[in-house]
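Single-letter residue listing:
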Protein chains: 2
Amino acid sequence: MTEPKTISMQGAICPLPLVHNEKIVMGHGSGGKMSQDLIARWFMPPFDNPALRAGDDAGVVQATPRTRLAVSTDSHVVWPLFFPGGDIGRLAVCGTVNDVAMMGANPLYLTAGFILEEGLELSILERVVSSMRSAAEEAGIQIISGDTKVVQKGKADLLYINTSGVGLVPEGVQISGSLAQPGDVIILSGPIGNHGIAVLAARGDLGFQAEVQSDVAPLNHLVAAMLKASNPADPLASIHTLRDPTRGGLATSLNEIARQSAVCIAVEEASIHVNPAVAAACEMLGFDPLYIANEGRMIAVVGPVAAQPVLESMHSTRYGEDARIIGHVEAAPAGRVLMRTVLGSTRVVDTLSSELLPRIC
Amino acid sequence: MTEPKTISMQGAICPLPLVHNEKIVMGHGSGGKMSQDLIARWFMPPFDNPALRAGDDAGVVQATPRTRLAVSTDSHVVWPLFFPGGDIGRLAVCGTVNDVAMMGANPLYLTAGFILEEGLELSILERVVSSMRSAAEEAGIQIISGDTKVVQKGKADLLYINTSGVGLVPEGVQISGSLAQPGDVIILSGPIGNHGIAVLAARGDLGFQAEVQSDVAPLNHLVAAMLKASNPADPLASIHTLRDPTRGGLATSLNEIARQSAVCIAVEEASIHVNPAVAAACEMLGFDPLYIANEGRMIAVVGPVAAQPVLESMHSTRYGEDARIIGHVEAAPAGRVLMRTVLGSTRVVDTLSSELLPRIC
């Protein structure tokens with residue numbers, strides 16, 4: 001039982017030690033390589049269908065001849081429940097709103113499924129639900145179905161929230177991780193790493209006080225503004241890919257796009273914005289901000305003609321004020337993310353390989 | 001802090017001891033009065049909208065001028081994961097398929113969100129996912145979006161699964177718990193109590209061997225056959241209400257309908273089918289089968305002209321073979337469920353009032 005096995009996932013052959021077969025470990029929830037292996041091996045083969053196989057943030061389906069839906073789900077197990085700039089309630093609403101919005105869809109409806117631990121104080125539930133309501137109002141969506149389950153003390157960690165979302169994809173809009181093309185421009189909507197560091201700070205894991213607020217926010221209005229500034233009918237002037245770099249961070253999301261589209265993504269380190277407090281925390285802890293989770297940031301891969309108008313539309317919108325062009329798409333080496341460092345050298349940026357921060361969302 | 005408070009829910013004033021305010025207890029997950037109180041008090045006011053307020057098994061919304069969607073969510077925490085006749089995977093698919101089908105909708109798409117406990121054996125996950133696949137195939141639905149989270153050992157109970165479902169409501173179909181009318185006929189699709197007793201047996205809680213299989217099954221094909229046998233345009237020949245009596249059992253679901261429609265539901269005890277092994281287990285344990293959870297049974301409230309054709313359509317369909325007329329709808333006393341017992345007396349059948357069987361679904 002010690003020989004490594006190989007698995008095929010999105011065209012790549014990854015060696016996978018057999019120990020990963022046997023039991024779930026925290027790394028399976030990292031959002032990085034181990035999560036991708038878990039999904040590729042245990043979920044994709046039995047559930048296989050085109051919407052799931054696309055590997056995007058939401059499944060897109062033609063529900064009727066004139067109605068395309070984007071549907072997404074996320075369970076939220078963030079710990080602690082409250083952190084600077086947000087809480088599990090805001091996270092649960094924004095996380096799913098954003099996954100639906102990343103398909104260019106207009107998120108309309110959310111469901112909310114609660115798993116409550118026996119002994120949970122109802123005052124905590126009230127705060128979380130109130131925060132969900134505010135986030136739903138900000139996003140302009142309705143929570144149209146709910147469910148509540150209770151498990152015995154010690155069988156959960158106060159509360160977990162699943163949200164699933166349904167949105168309408170506007171006619172003509174085609175956005176997917178597989179549509180990035182050489183010549184495209186890559187835009188990042190704001191500074192990275194805030195969410196992960198804010199949650200760590202709330203755990204007291206930093207060992208020092210950090211003035212970092214989570215970026216958790218609904219990005220659907222930002223996406224709508226960007227779509228207005230682009231032209232879906234023109235490949236050079238349309239938005240090709242949108243992705244919110246959550247678990248696994250910017251590096252992992254860029255790698256997903258590079259692999260899905262079979263392109264090279266070339267980014268400039270100097271153009272990637274990291275707040276000084278986040279940078280300081282990462283340096284202290286030996287973390288690379290490229291791998292830290294975000295919950296209100298977005299990568300956009302757009303045709304070169306759309307780059308400037310889309311960027312300007314972002315600057316005029318909340319949550320997009322600090323948007324910057326961070327790189328572009330090249331043909332080769334396909335499936336790779338290359339970064340030109342501030343020192344002028346070029347390095348390969350890989351997918352998150354191990355567990356970094358458990359239960360960050 | 002000892003005075004009871006009162007709350008208003010769906011028109012009824014229920015006394016609620018303040019102790020229920022303070023902490024979540026297992027009874028909040030019962031599906032009975034305490035669950036209803038929790039939802040009415042803590043979830044409905046902040047999230048209020050017409051789809052949620054309807055209080056049905058799924059939220060129905062007009063997504064586009066020509067597209068009505070039914071959307072539902074359920075988190076599944078059943079213990080143990082495997083029981084005679086089913087497992088958490090089959091339950092997770094069928095539970096949500098059925099909630100969508102209870103709106104008369106055609107369930108098309110499902111999402112699946114997994115919360116996995118560190119240390120879970122992947123062979124268990126494989127069995128569960130395989131069972132989900134089989135159930136999805138049987139129901140004819142696709143799982144188009146998924147999510148996997150991992151929590152530390154001791155922060156879950158092997159695995160929890162949320163499923164959310166999206167279905168299309170056929171033109172003209174109007175089905176809701178609020179549409180039962182005096183003169184309507186009540187049909188029950190099969191014997192009750194199997195699921196709850198099968199799960200109890202798997203826990204070893206019965207103290208004896210029971211040959212009871214869970215009834216867990218997807219009911220969407222049954223609903224489609226029933227709709228074909230009815231006429232949505234004719235109030236006397238249409239299906240008015242469908243509901244699957246899960247947590248809280250038949251008694252609780254009938255009470256929900258009586259209250260939502262402000263009618264009296266009159267049923268005949270003799271016509272309610274309980275398998276002998278279920279009846280024996282209930283008698284030994286002091287349970288009333290009317291309050292035991294089902295996962296593949298359905299209540300239909302239909303116009304009198306539709307009763308016979310709908311019943312026949314059920315008899316010709318899997319999962320409806322044992323369907324029987326169990327009663328009818330009267331105008332008064334509104335909000336009540338009355339049962340004529342086998343001895344000829346009439347008794348009030350109330351909503352489940354306390355915790356009966358935790359984590360039954």
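Worth saying up front: this structure is predicted, and the values here are computed from it rather than measured.

Trainee: Hey, could you run me through the overall build of chain A in this one?
Mentor: Broken down by element type, chain A carries ten helices and 16 strands. In terms of overall dimensions, chain A is globule-like: its C-alpha atoms have a radius of gyration of 20 Å, near the 21 Å expected for 361 residues. Dimensions of chain A along its principal axes, counting C-alpha atoms only, are 55 × 50 × 45 Å. A burial count over chain A gives 63% of its 361 residues as buried. Once local pairs closer than 6 in sequence are excluded, the contacts in chain A between residues at least 24 apart make up 81%. Accessible surface for chain A amounts to roughly 13,000 Å². Of this, 53% is attributable to carbon and sulfur atoms. Computed over 25 positive and 36 negative side-chain charges, the separation of the two mean positions in chain A equals 4 Å.

Trainee: For this particular structure, what's the right way to read the pairing of strand β13 (residues 299-302) of chain B?
Mentor: The side chains of a regular strand alternate, first on one face of the sheet and then on the other. Residues and elements named next belong to chain B. Going residue by residue along β13, you find I299 and V301 tucked away on one face and A300 and V302 tucked away on the opposite face as well. The pairing of strand β10 (residues 185-188) with β13 spans four bridges and is antiparallel. In the strand pairing of β13, I186 is matched with V301. Here strand β11 (residues 239-243) pairs with β13 via four bridges, running antiparallel. Within β13, the residue paired with R243 across the bridge is I299.

Trainee: Explanation requested: the domain arrangement of chain A in the structure shown.
Mentor: A common way to report how large an interface is uses the accessible area buried once the components associate. Residue and element names in this part refer to chain A. Taken domain by domain, chain A consists of domain 1 (55-169) and domain 2 (185-348). The distance between the C-alpha centroids of domain 1 and domain 2 comes to 23 Å. Contacts between the two partners involve 25 residues from domain 1 and, on the opposite side, 25 residues from domain 2. For the pair domain 1 and domain 2, the two sides together bury roughly 2,000 Å², of which 55% comes from carbon and sulfur. Here domain 1 is connected to domain 2 by three salt bridges. Of the charged contacts in the structure, one is a salt bridge between D56 and R243, with a shortest N-O distance of 2.7 Å. In this assembly, domain 1 and domain 2 are joined by 13 residue pairs in polar contact (both at pLDDT 80 or more). Of all elements in the fold, only β5 (82-83), α4 (88-101) and α5 (122-139) reach the threshold of two or more residues within the side of domain 1 that touches domain 2.

Trainee: Explain the sheet that holds strand β4 (residues 67-76) of chain A to me, please; I cannot follow it from the model alone.
Mentor: Whenever strands of a sheet pair, they do so through backbone hydrogen bonds, lying parallel or antiparallel. Residues and elements named next belong to chain A. The strand order β3-β4-β9-β7-β8 describes an open sheet built from five strands, whose pairing is mixed. Two strands lie at the open edges of the sheet, namely β3 (59-64) and β8 (142-151), each paired on one side alone. For this sheet the average axis-to-axis angle between neighbouring strands, irrespective of direction, equals 20 degrees. Where β3 and β4 come together, five bridges link them in antiparallel fashion. Bridge pairing in β4 links G59 to V71.

Trainee: Please explain the relation of the copies chain B and chain A as it appears in this structure.
Mentor: When chain B is brought onto chain A, the operation consists of a screw motion whose angular component is 180 degrees and whose axial shift is 0.0 Å, with 0.0 Å RMSD remaining. Put plainly, the chains are arranged around a two-fold axis. In terms of proximity to the rotation axis, the leading residue of chain B is B:A156, whose C-alpha is 2.3 Å off the axis. Mapped onto chain A, 100% of the interface residues of chain B are again interface residues, and the two copies thus contact each other with one and the same surface.

Trainee: Please explain the packing of aromatic side chains as it appears in this structure.
Mentor: Each aromatic ring pair is described using two quantities: the centre-to-centre distance and the angle formed by the ring planes. Residue and element names in this part refer to chain A. Scanning the entire structure with this criterion turns up four aromatic pairs over all chains. Considering the side-chain rings of F43 and F47, the 6.4 Å spacing of their centres and the 35 degrees angle between planes classify their relative orientation as tilted. You can see F43 and its partner F47 sitting in helix α2 (residues 33-47), four residues apart, about one turn around the helix. By relative accessible area, which is 8% here, F47 ends up buried.

Trainee: Whenever I open this one, the interface of chain B and chain A confuses me. Can you help?
Mentor: The interface is formed by 74 residues belonging to chain B together with 74 residues belonging to chain A. Roughly 6,600 Å² is buried in total at the junction of chain B and chain A, and carbon and sulfur atoms are behind 67% of that figure. Viewed at the interface, chain A and chain B are joined by six salt bridges. At the junction of chain B with chain A, the criterion picks out 28 residue pairs in polar contact (both at pLDDT 80 or more). Ranked by the residues each element gives to the side of chain B that touches chain A, the list is headed by strand β8 (residues 142-151) of chain B, at ten residues. Its residues assigned to classes, the side of chain B that touches chain A comprises 37 nonpolar, 23 polar and 14 charged.

Trainee: Teacher, can you tell me more about α4(A) here?
Mentor: For the α-helix, the turn length of 3.6 residues means that residues three or four positions removed from each other point alike. The terminal C-alpha atoms of α4(A) lie 20 Å apart, and with 14 residues this matches the ideal 20 Å at 1.5 Å per residue to within 8%. The N-cap of α4(A), judged by a side-chain oxygen 2.7 Å from the amide nitrogen of A:G89 a few residues on, is A:D87.

Trainee: Please clarify how the confidence of the model for chain A should be interpreted in this entry.
Mentor: Note: predicted coordinates in regions of low pLDDT should not be interpreted at a detailed level. Model confidence for chain A is summarised by a mean pLDDT of 93, while 94% of its residues fall at 70 or above. Low pLDDT (under 50) marks residues 1-20 of chain A, which in the prediction has 36 contacts with non-local residues, meaning those over four places away or in another chain.

Trainee: Even after reading the chapter, I still don't get the packing of helix α7 (residues 220-228) of chain B against helix α10 (residues 307-315) of chain B, so can you show me in this structure?
Mentor: The geometry of a pair of packed helices is captured by two quantities: the angle between their axes and the separation between those axes. All names here are of chain B. At their nearest, the axes of α7 and α10 sit 8 Å apart, and the two run at 145 degrees to each other. Considering the relative orientation of α7 and α10, their crossing is right-handed. In this structure, α7 uses L222, A225 and M226 to contact α10, whose residues at the interface are V310, S313 and M314. Split into classes, the residues belonging to the contact of α7 with α10 amount to five nonpolar, one polar and no charged.

Trainee: Can you walk me through unusual backbone geometry in this structure?
Mentor: Among all residues save glycine, negative phi is the norm, and among peptide bonds the norm is trans. Omega for the bond connecting B:W79 with B:P80 falls within 30 degrees of zero, at 0 degrees, which places this linkage in the cis form. If you trace the backbone, B:P80 turns up in the loop between β4 (67-76) and β5 (82-83). With an omega of -5 degrees, the peptide bond running from B:A332 to B:P333 counts as cis. Considering the arrangement of structural elements, one finds B:P333 in the loop between β14 (324-330) and β15 (337-340). Residue A:R359 is not a glycine yet carries a positive backbone phi of 50 degrees. Relative to the elements of secondary structure, A:R359 occurs in the segment after β16 (346-348). For B:L158, which is not glycine, the phi dihedral falls at a positive 75 degrees. One can find B:L158 in the loop between β8 and β9 (159-168).

Criteria and cut-off values
- Residues numbered from 1 in each chain as written.
- Chains lettered and ligands numbered in written order.
- Predicted model: local features only at pLDDT ≥ 70, side-chain atom pairs only at ≥ 80, totals over all residues.
- Heavy atoms only, no water.
- Helix = DSSP H or I, 4+ residues; strand = E, 2+ residues; numbered from the N terminus.
- Rg over C-alpha atoms; globule rule 2.2 N^0.38 Å.
- Buried < 20%, exposed > 50% of the residue type's maximum accessible area, 1.4 Å probe, protein only.
- Contact = heavy atoms within 4.5 Å.
- Areas by Shrake-Rupley, 256 points an atom, 1.4 Å probe, with all protein chains shown as cover.
- Lys, Arg positive; Asp, Glu negative; His and termini not counted.
- Charge placed at Lys NZ, Arg CZ, Asp CG, Glu CD.
- Pairing = 2+ DSSP bridges.
- Domains from an automatic or database assignment.
- Buried area = accessible area lost by both parts, 1.4 Å probe.
- Salt bridge = Lys/Arg side-chain N within 4 Å of Asp/Glu carboxyl O.
- Polar contact = N/O pair within 3.5 Å; in protein donor to acceptor, adjacent residues only side chain to side chain.
- Axes fitted to C-alpha atoms, helices over the stretch in contact; angles between N-to-C directions.
- Least-squares fit on C-alpha atoms with pLDDT ≥ 70 in both.
- Phe/Tyr/Trp six-rings, centres within 6.5 Å; stacked < 30°, edge-to-face > 60°.
- Nonpolar A, V, L, I, M, F, W, Y, C, P; charged D, E, K, R; others polar.
- Expected span 1.5 Å × (residues − 1).
- pLDDT = per-residue confidence, 0-100.
- Left-handed = near helix turned anticlockwise from the far one by under 90°.

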